[in-house]
Amino acid sequence: MVARIYSPAKTATQSGRGKAHDWVLEFVPEQARSIEPLMGYTSSTDMKQQVRLRFETQDEAIAYAKKNGIAYRVEIQRERRVPKIAYSDNFKYDRYMPWTH
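Criteria and cut-off values
Residues numbered from 1 in each chain as written. Predicted model: local features only at pLDDT ≥ 70, side-chain atom pairs only at ≥ 80, totals over all residues. Heavy atoms only, no water. Phe/Tyr/Trp six-rings, centres within 6.5 Å; stacked < 30°, edge-to-face > 60°. Buried < 20%, exposed > 50% of the residue type's maximum accessible area, 1.4 Å probe, protein only. Lys NZ or Arg CZ within 6 Å of the ring centre and 35° of its normal. Helix = DSSP H or I, 4+ residues; strand = E, 2+ residues; numbered from the N terminus.

A.B. asks: Just checking my understanding: could you explain the packing of aromatic side chains for this structure?
C.D. replies: The description of an aromatic ring pair uses the distance of the two centres, along with the angle that the planes make with each other. Counting across every chain of the model gives one aromatic pair. Where F55 meets Y64, the ring centres are 5.5 Å apart and the plane angle is 45°; that geometry is what we call tilted. Owing to a relative accessible area of 14%, F55 belongs among the buried residues under this scheme. Of note, R4 hangs over the ring of Y6, and the distance from its end group to the ring centre comes to 4.1 Å.

Next comes the structure, spelled out in structure tokens:
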């Protein structure tokens, strides 16, 4: 039973970063999912996959895992890089691609 602790990425459908500041502890699946032959549903007998705990900080998530004797691994949060460009850069003479309508 190994848990992974990570900070989720921003959702692709929203522009805000509302739920991206929390840290999540969830268990890594121990068994592969199986396909039910009659209806074709994907199922699993591993109930720990349904557990997802949210914490405000990484340290709280690690403390919870240590307190309950859960083996864990921390996935480092990558920083978002937003290029600093101005609107006027679209009309620069030395652009790498020519600007046209």
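A.B. asks: Help me out: how do you make sense of the environment of I76 in this one?
C.D. replies: Within the secondary structure, I76 is located in the segment after strand 6 (71-74). Residues I76 and S7, 69 residues apart in the sequence, show an inter-C-alpha distance of 8.0 Å.

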